[in-house]
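Structural overview for review
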Amino acid sequence: MSQEILREDALGEYYYIFYREIRSDSTKLTEERFIGDDAEAVEMLLDDIFTNASGDHTLEELDTTRYFERWIEGSLDASEAIEPGEAFDNRAEGDLEAIAEDFSDDMQTRARAAGKYVVIILGEGRLITCHSYTGQRALTTEMEIIEELLSADNIDKYAEFTREEDEIVINHFDKYDTKSFVEWLGIPVDQVVYDIKGDVKIYSVIADDIQATFRFTRDDIVEKIINTDEFNLQGNLLETPDTERDYRIKQIRWGNSTYESAEEFKQEALTHHYELSYYEDKFDELAKGDLGVATKTAIDREERLTIESGSKQEVRVRKTHDDFEIVLVNEFIDLEAGWRQALASKALANDQRVSIHHPGNSIAEEPVRIGALRIYNTIGLDEGVVDDLHDFVRTARDLGTSNMGSLMKHVTFDLLRREANAPICHFFGELADEYLRSHKDTISEGTRVTLREGGPASVELKSPEWFYGGKDYELANKLTKELNNGAGMVVIGVDENGGKVKGIQKNRFPHERLEGLEKKVRNQSDATQIHVVPVPISGGDITITAMKTG
């Protein structure tokens, strides 16, 4: 243990608080002691935290090791035996350090990031272990530090151990229902609700030989059961709005979990909803705010969203989700440059898996897979479009970091920007623009390209001369013929024989003209979507890419 601070000599209520940064190489805990009035201040902080408790278990019910049980029992014994102000003996210190180390080791990557802390609180017969975040670095007094660490906004998971008669009872809360925390506590899997569980199925018996199944989406649960009494779960009955009959519930299934009790399911559904709604509420506040004002800049960073105005920076949202990268981008919110570059470097990598969720779009049970990205949102793409995207991704991966690899990455995410639902389309647009910056830096007139015809995306290369001359309807006919005959992408501005870039003067094909060509090809093509877009190269010229999907 490090230095000790005795707040008062008076006896009475007391709390010992131990903490360290989770990713620290040292197992030593910083210790603060609070006696009497100062302990009451800590108690007030704890009262705010414990308004969110979501489950009770006994220690015997949990799937834990005998070491875990020994650490908990030893710490509670020590908390009950100590006189306020005394130091814990070496054995008790060892138990506390073991709890902190065991907790830290089980946390997933995002929960181990800079500024994440394990906090252990000991009162009389009371042990609390918390996961907390603080981005503050200018805290000077021990009370300031504790107020920050024990802020209800900063604690996203905790477990409180107390003795009730002959049993140790655990009261726990996890804002994001993270698997690592559940496994650390050893909570049985059939008593856990995770963020992504899909549709709810309620099996009912109408008569001896007649059964009925009611299916509810997550939105249905919120709109029809949680927020209104349109449908009502009462006891083991489902009350519906359009019939006088009440349906006797035989079983409820949600994801891999089965519930014999409607009340048990209802409690988990409430927990599920309110924990997911945190980011939805925050994004809704941002979307309805004044971010369009020219004097304000909203930056979406990996662990927080900030609003910047002049030299002032306000943290509007803290992000600490262990399972997802939470993105809050829209037309007024930009990705922070460093995070955008990091995401772009991972997005199509073969050895990465990046789970993305945008609270502005509905959550999806199964993610849309785009390279290394797993998008846990409903983004509005049909199956045929997704299949074509996979071909673009394979081509981009084949090209790797080559000069045309960045082109394929750009057009893949530019297509997503154009076809996906808002607001997540803006996230895809940020990645598309990042790849375009790289492409412009490596491609200019005369550059020999690595892109070859064919491949998974069925690429066709055409020189500018192929596209010059003739009226727009004739150019549209040329593009339609190529796309209808099996090409997935036509890149105009590359000599198909020499493999060198031959740029097109930008003023020959302004956006209005390309949009007109796109419309004509779309009307003639058998594809779901057609895009004809300019791709700038170094020097001011462009190449033109025509793509079909679906």
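Rules used in this analysis
Residues numbered from 1 in each chain as written. Predicted model: local features only at pLDDT ≥ 70, side-chain atom pairs only at ≥ 80, totals over all residues. Heavy atoms only, no water. Helix = DSSP H or I, 4+ residues; strand = E, 2+ residues; numbered from the N terminus. Expected span 1.5 Å × (residues − 1). Buried < 20%, exposed > 50% of the residue type's maximum accessible area, 1.4 Å probe, protein only. Core = buried A, V, L, I, M, F, W, Y, C linked by side-chain atoms within 4.5 Å. Contact = heavy atoms within 4.5 Å. Pairing = 2+ DSSP bridges. Axes fitted to C-alpha atoms, helices over the stretch in contact; angles between N-to-C directions. Parallel < 35°, antiparallel > 145°, perpendicular 65-115°, else oblique. Left-handed = near helix turned anticlockwise from the far one by under 90°. Nonpolar A, V, L, I, M, F, W, Y, C, P; charged D, E, K, R; others polar. Phe/Tyr/Trp six-rings, centres within 6.5 Å; stacked < 30°, edge-to-face > 60°. Lys NZ or Arg CZ within 6 Å of the ring centre and 35° of its normal.

Observations regarding helix H11 (residues 424–442)
The first and last C-alpha atoms of H11 sit 28 Å apart over 19 residues, in line with the 27 Å expected at 1.5 Å per residue. Considered for burial, the residues of H11 that qualify are Ile 424, Cys 425, Phe 427, Phe 428, Gly 429, Glu 430, Leu 431, Ala 432, Glu 434, Tyr 435, Leu 436 and His 439.

Focus on the nonpolar core
One recurring pattern in soluble globular proteins is that nonpolar side chains are buried together. The biggest cluster of nonpolar side chains holds 53 residues, and the ones touching the most others in it are Leu 373, Ile 375, Ile 379, Phe 413, Phe 427, Phe 428 and Leu 431. With residues up to four places along the chain from it excluded, the contact list for Ile 379 reads Val 368, Leu 416, Glu 419, Ala 420, Asn 421, Ile 424 and Phe 428. Of all hydrophobic cores here, the second largest spans 35 residues; its members include Ile 35, Ala 78, Phe 103 and Val 182.

Some details on the sheet that holds strand E25 (residues 542–549)
Strand pairing in a sheet relies on backbone hydrogen bonds, with the paired strands running either antiparallel or parallel. With mixed pairing, four strands are arranged side by side in an open sheet as E22-E23-E25-E24. Among the strands making up the open sheet, the edge pair consists of strand E22 (459–462) and strand E24 (529–536). Averaged over all pairs of adjacent strands, the angle between their axes in this sheet comes to 15°, without regard to strand direction. In the sheet, E24 pairs with E25 via eight bridges, with the strands oriented antiparallel. Within E25, the position partnered with Ile 530 by the bridge is Lys 548. Most of the contacts of helix H9 (residues 383–399) go to E25, to which it runs at about 135°, and overall it touches strand E23 (489–492) and E25. On the sheet, helix H10 (residues 405–419) packs against E23, E24 and E25 and is oriented at approximately 130° with respect to E24.

Structural notes on the packing of helix H13 (residues 472–484) against helix H14 (residues 511–524)
The relative placement of two packed helices comes down to the angle between their axes together with the axis-to-axis distance. It is at 9 Å that the axes of H13 and H14 come closest, and there the two elements cross at 50°. If you check the angle between H13 and H14, you find them oblique. For the pair H13 and H14, the crossing hand works out as right-handed. Between H13 and H14, the contacting residues are Asp 472, Tyr 473, Leu 475, Ala 476, Asn 477, Leu 479, Thr 480, Leu 483 and Asn 484 on the first element and Arg 513, Leu 517, Lys 520, Val 521 and Gln 524 on the second. Residue classes in the contact of H13 with H14 are distributed as seven nonpolar, four polar and three charged.

Brief notes about the environment of Asp 229
Summarising the element assignment, Asp 229 is placed in the loop between helix H6 (218–226) and strand E10 (232–234). Distance from Asp 229 to Pro 241, taken between C-alpha atoms, is 8.7 Å for residues 12 residues apart in sequence.

Concerning the packing of aromatic side chains
Summed over all chains, the structure comprises 18 aromatic pairs. Aromatic pair Tyr 14 and Tyr 16: ring centres 5.8 Å apart, planes at 90°, arrangement edge-to-face. There is no split in this pair, since Tyr 14 and Tyr 16 are both buried. Ring centres of Phe 467 and Phe 509 lie 5.2 Å apart, and the angle between their planes is 25°; on these two criteria the pair is classed as stacked. One end of the pair, Phe 467, is in helix H12 (residues 464–467); the other, Phe 509, is in the loop between E23 and H14, with 42 residues separating them in the sequence. Take Phe 509: its relative accessible area is 3%, and that puts it in the buried class. Ring pairing ties together the aromatic residues Phe 68, Phe 103, Phe 161, Phe 181 and Trp 184, which thus form one cluster. The ring of Tyr 468 has Arg 508 lying over it, and the distance from NZ or CZ to the ring centre is 3.7 Å.

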